[in-house]
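Spelled out from the first residue to the last, the chains are:
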Amino acid sequence: MFWIFKFFPDWFWWLLLIAGLSGYFLSHLIPLKTYQLPIKIAGGTMVAAVIFILGLLYANGVWQQAAQELQAKVVIAEAKSQVVNEVIKERVVTKTQVVKQRGEATVEYITREVVKHNAGCVIPPEFINAHNRAAETPP
Amino acid sequence: MKLGLLLIPLLLAGCTTVVPVTQSWPEPPGVLAQQPCPQLEKLQPGAKLSDVANTVVKNYSEYYTCAIKLEAWQRWYTEQQVIHKGLK
């Protein structure tokens, strides 16, 4: 609906305002009483309507400017967010790699050293049960 | 009456405030952080000492990998919150 007001250039509304004011004040100069009142009413109505529309256009302009400023901030924030994400992403990859390497090194150590004690150490089923119970995902 | 009806939409147009600001939801911190934490490995019956040690190591590694993901999300939230508050 707003496009109706933007369809006309701004000067058109100022011109209408001047026309309305002129109509209102010049109506006093008209000698015929028959025309005086309708012209006065038309002029007054026109002035009121144009003031409303000018206010509308001004408010819209203010909103548009505020929206543009906010949009610019949003663009900056999105760029910042991307940078932060890249840092976090790299951190996750590096730390995961470290954990993986440490795990592999320990597994290698187990394969080399712990295996030697396999024969001398019997794992009781209760131990396995206890471990598996602890490793179970809670409901 | 008809003129009055025509005027209503025009007057209501003054109430419309179109604020064309679009903000996309912040991206997640990578694919790795989005992967769910796996279930912990269990021991097979008759497992040897080395099997126990291997399983424990794998489970510890899974814990630390999961902790890294959680930390990433916590940091992501804190950082995004700071950025978002900067908009106001």
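Criteria and cut-off values
Residues numbered from 1 in each chain as written. Chains lettered and ligands numbered in written order. Predicted model: local features only at pLDDT ≥ 70, side-chain atom pairs only at ≥ 80, totals over all residues. Helix = DSSP H or I, 4+ residues; strand = E, 2+ residues; numbered from the N terminus. Rg over C-alpha atoms; globule rule 2.2 N^0.38 Å. Buried ≥ 20, exposed ≤ 12 C-beta atoms within 10 Å, placed from the backbone. Contact = placed C-beta atoms within 7 Å. Axes fitted to C-alpha atoms, helices over the stretch in contact; angles between N-to-C directions. Parallel < 35°, antiparallel > 145°, perpendicular 65-115°, else oblique. Left-handed = near helix turned anticlockwise from the far one by under 90°. Nonpolar A, V, L, I, M, F, W, Y, C, P; charged D, E, K, R; others polar.

### Brief notes about the overall build of chain A
Piece 1. Helix and strand counts for chain A stand at four helices and zero strands.
Piece 2. Starting at the N terminus, the α and β elements of chain A follow one another as α-α-α-α.
Piece 3. Taken against the 2.2 N^0.38 rule, which gives 14 Å for 139 residues, the C-alpha radius of gyration of chain A at 41 Å runs more than 25% over that of a compact globule.
Piece 4. C-alpha atoms of chain A, sized along the principal axes, occupy 125 × 35 × 15 Å.
Piece 5. When the 139 residues of chain A are sorted by exposure, 6% land in the buried category.
Piece 6. Of the contacts formed within chain A by residues at least 6 apart in sequence, a portion of 52% connects residues at least 24 apart.

### Quick word on the overall build of chain B
Piece 1. Of regular secondary structure, chain B possesses two helices and zero strands.
Piece 2. For chain B, the residues scored as buried account for 14% of the 88 residues in total.

### A look at the environment of alanine 53 of chain B
Piece 1. Tracing the backbone through its elements, the reader meets alanine 53 of chain B in helix α2 (residues 49-85).
Piece 2. Excluding its chain neighbours within four sequence positions, the residues that come into contact with alanine 53 of chain B are Ile110 and Val114 of chain A.

### Topic: the packing of helix α2 (residues 10-26) of chain A against helix α3 (residues 33-112) of chain A
Residue and element names in this part refer to chain A.
Piece 1. Where α2 meets α3, the closest approach of the two axes is 8 Å, and the angle between their N-to-C directions is 150 degrees. The angle between the axes of α2 and α3 places the two elements in the roughly antiparallel class. Handedness of the crossing formed by α2 with α3: left-handed. Facing Asp10, Trp13, Leu16, Leu17, Ala19, Gly20, Leu21, Gly23 and Tyr24 of α2, the residues of α3 in contact are Ile39, Lys40, Ala42, Gly43, Gly44, Met46, Val47, Val50, Ile53, Leu54 and Leu57.
Piece 2. The residue inventory of the contact of α2 with α3, partitioned by class, reads 14 nonpolar, four polar and two charged.

### Here's the deal with the packing of α3 of chain A against α2 of chain B
The description of two helices packed together rests on the angle between their axes and the distance between the axes.
Piece 1. Remark: α3 of chain A packs on α2 of chain B, axes separated minimally by 10 Å, with the N-to-C direction vectors making an angle of 170 degrees. Taken together, the axis directions place α3 of chain A and α2 of chain B in an arrangement best described as roughly antiparallel.
Piece 2. Taken together, the residues of the contact of α3 of chain A with α2 of chain B sort by class into 14 nonpolar, ten polar and eight charged.

### A closer look at the interface of chain A and chain B
Piece 1. If you look at the interface, chain A gives 44 residues, while chain B gives 46 residues.
Piece 2. Residue assignment for the side of chain A that touches chain B shows that the elements contributing at least two residues are α1 (3-7), α3 and α4 (125-135) of chain A.
Piece 3. The element that contributes the greatest number of residues to the side of chain A that touches chain B is α3 of chain A, accounting for 28 residues.
Piece 4. In terms of residue class, the side of chain A that touches chain B is made up of 25 nonpolar, twelve polar and seven charged.

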